[in-house]
Amino acid sequence: MTLPDWALNRREFVAAAAASSALTVPLFDALPSLAEASRTTEVTMEVNGKVHSLTLDTRTTLLDTLREHLQLTGVSLAIGFALSVALSVLALRWRPTYGPITWVTGLLYTIPSLALFGFLLPFTGFGTTTAVIGLVSYTLLILVRNIVAGVDGVPAAVKEAADGMGYTGPRRFLAVD
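K.L.:
What exactly am I supposed to notice about the nonpolar core here?
P.N.:
When a protein is soluble and globular, its nonpolar side chains tend to lie buried together. Counting residues in hydrophobic clusters, the biggest one holds seven residues: Ala91, Leu92, Ile101, Val144, Val148, Val151 and Phe173. Secondary-structure elements contributing two or more residues to this core are α4 (62-93) and α7 (128-152). In terms of residue count, α7 provides more of this core than any other element does, three residues in total.

K.L.:
How do you make sense of the packing of α4 against α7 when you look at a structure like this?
P.N.:
A pair of packed helices is characterised by two quantities: the angle between their axes and the separation of those axes. Packing of α4 against α7 leaves a shortest axis separation of 6 Å and a crossing angle of 40°. Considered as vectors, α4 and α7 are oriented oblique to each other. Considering only the axes of α4 and α7, their crossing is right-handed. In terms of residue class, the contact of α4 with α7 is built from 20 nonpolar, six polar and one charged.

K.L.:
What exactly am I supposed to notice about the packing of helix α5 (residues 98-110) against α7 here?
P.N.:
Two elements in contact, α5 and α7, have axes whose closest approach is 7 Å; the angle formed by their N-to-C orientations is 145°. Crossing hand, α5 versus α7: left-handed. Judged by residue contacts, Tyr98, Ile101, Thr102, Thr105, Gly106, Leu108 and Tyr109 of α5 engage Ser137, Tyr138, Leu140, Leu141, Ile142, Val144, Arg145 and Val148 from α7.

K.L.:
Sorry if this is basic, but what is going on with the side chain of Thr102 here?
P.N.:
Positionally, Thr102 belongs in helix α5. A polar contact of 3.0 Å, which involves the side chain of Thr102, links it to the backbone oxygen of Gly99. Not counting residues up to four positions away in its chain, the partners in contact with Thr102 are Leu141 and Arg145.

K.L.:
Would you mind going over the environment of Leu77 with me for this structure?
P.N.:
Position of Leu77 among the secondary structure elements: in helix α4. Since its relative accessible area comes to 44%, Leu77 is described here as partly exposed. On a C-alpha basis, the gap between Leu77 and Leu135 in space is 7.9 Å, while along the polypeptide they are 58 residues apart.

K.L.:
Honestly, the pattern of salt bridges in this entry has me stumped. Any pointers?
P.N.:
Pairs can form between side chains of opposite charge once their charged atoms are near each other. Summed over the entire model, instances satisfying the criterion amount to three salt bridges. In this structure, Arg67 and Asp64 form a salt bridge, with 3.1 Å as the shortest nitrogen-oxygen distance. Placement of the pair is Arg67 and Asp64 together in helix α4, with a separation of three residues, close to one helical turn. With a shortest N-O distance of 3.0 Å, Asp163 and Arg172 are connected by a salt bridge. Residue Asp163 is classed as partly exposed on the basis of its relative accessible area, which comes to 43%.

K.L.:
Where do I start with the packing of aromatic side chains in this structure?
P.N.:
Each aromatic ring pair is summarised here by two numbers: the centre-to-centre distance and the angle between the ring planes. Enumeration over the complete set of coordinates arrives at two aromatic pairs. Here Tyr109 and Tyr138 contribute two aromatic rings whose centre-to-centre distance is 6.4 Å and whose plane-to-plane angle is 80°, an arrangement assigned as edge-to-face. Placement of Tyr109 in helix α5 and of Tyr138 in helix α7 is noted, with a sequence separation of 29 residues between them. The partly exposed category is assigned to Tyr109, whose relative accessible area is 40%. The class of Tyr138 is buried, set by a relative accessible area of 16%.

The rules behind each value
Sequence positions are assigned chain by chain, starting from 1 and proceeding in written order. Totals for whole chains, interfaces and linings use every residue, but because this is a predicted model, local features are given only for residues with pLDDT of at least 70 and side-chain atom pairs only at 80 or more, for both listing and counting. Each side-chain value is worked out from all heavy atoms of the structure, with water and hydrogens disregarded. Side-chain atoms within 4.5 Å are what join buried Ala, Val, Leu, Ile, Met, Phe, Trp, Tyr and Cys residues into a set we call a nonpolar core. Here's how the labels work: a residue is buried when its accessible area is under 20% of the maximum for its type, exposed when over 50%, partly exposed in between, all with a 1.4 Å probe on protein chains only. Secondary structure follows DSSP: runs of H or I at least 4 residues long count as helices, runs of E at least 2 residues long count as strands, and numbering of each begins at the N terminus. Each axis is a line fitted through C-alpha atoms, taken for helices only over the stretch in contact, and angles between the N-to-C directions span 0 to 180 degrees. Any angle from 65 to 115 degrees is called roughly perpendicular, while one under 35 is roughly parallel, one over 145 is roughly antiparallel, and all others are oblique. Left-handed describes a crossing whose near helix is turned anticlockwise from the far helix through less than a right angle; right-handed describes the clockwise counterpart. Gly is put with the polar residues, along with every residue not named as nonpolar or charged; the nonpolar set is Ala, Val, Leu, Ile, Met, Phe, Trp, Tyr, Cys and Pro, and the charged set is Asp, Glu, Lys and Arg. In this analysis, two residues are considered to be in contact whenever any of their non-hydrogen atoms come within 4.5 Å of each other. The definition of a polar contact used here is a pair of N or O atoms within 3.5 Å, where within protein one atom must be able to donate a hydrogen and the other to accept one, and adjacent residues in sequence count solely through side-chain atom pairs. Think of a salt bridge as a Lys or Arg side-chain nitrogen and an Asp or Glu carboxyl oxygen that are within 4 Å of each other. Each Phe, Tyr or Trp ring (for Trp, its six-membered ring) is paired with any other whose centre lies within 6.5 Å, and the angle between the two planes then decides the class: stacked below 30 degrees, edge-to-face above 60, tilted in between.

Below, the structure is given as structure tokens:
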């Protein structure tokens, strides 16, 4: 399938997306006829021989993109923290697993983001899922190593005092360790 002459390449698409996100709603309020005529823009591009088309909303504001960024960051950190705590507990309970856990999370951390996104696109497509998987994989090594180091840094006397006060394993882990 051949694309029309006005089709965008990747560089032009990125430039068009940046330009469209810079437009704000007050601009359209000042020009009512323009506001009704061009709220969306159709964009078509070819990636690896496959034609993709999407509709861009030109009313997107900086606040909208900031809200989306904070939501993406918050979700990624929450999932990454939950996985890191689980992996850290596993590494603390069975010390031989600490090496393989940090090896795998270190391997994930060294993968360049664009390569990871390119690898995930056939499985997850364009969307937030791809970004969340990448961001979560980058948080794991940092959080696992620091959680284990923090728990290891608690003096034995403090742990013994918590045991003497009647703290059970999970309660001691959450309150003292």
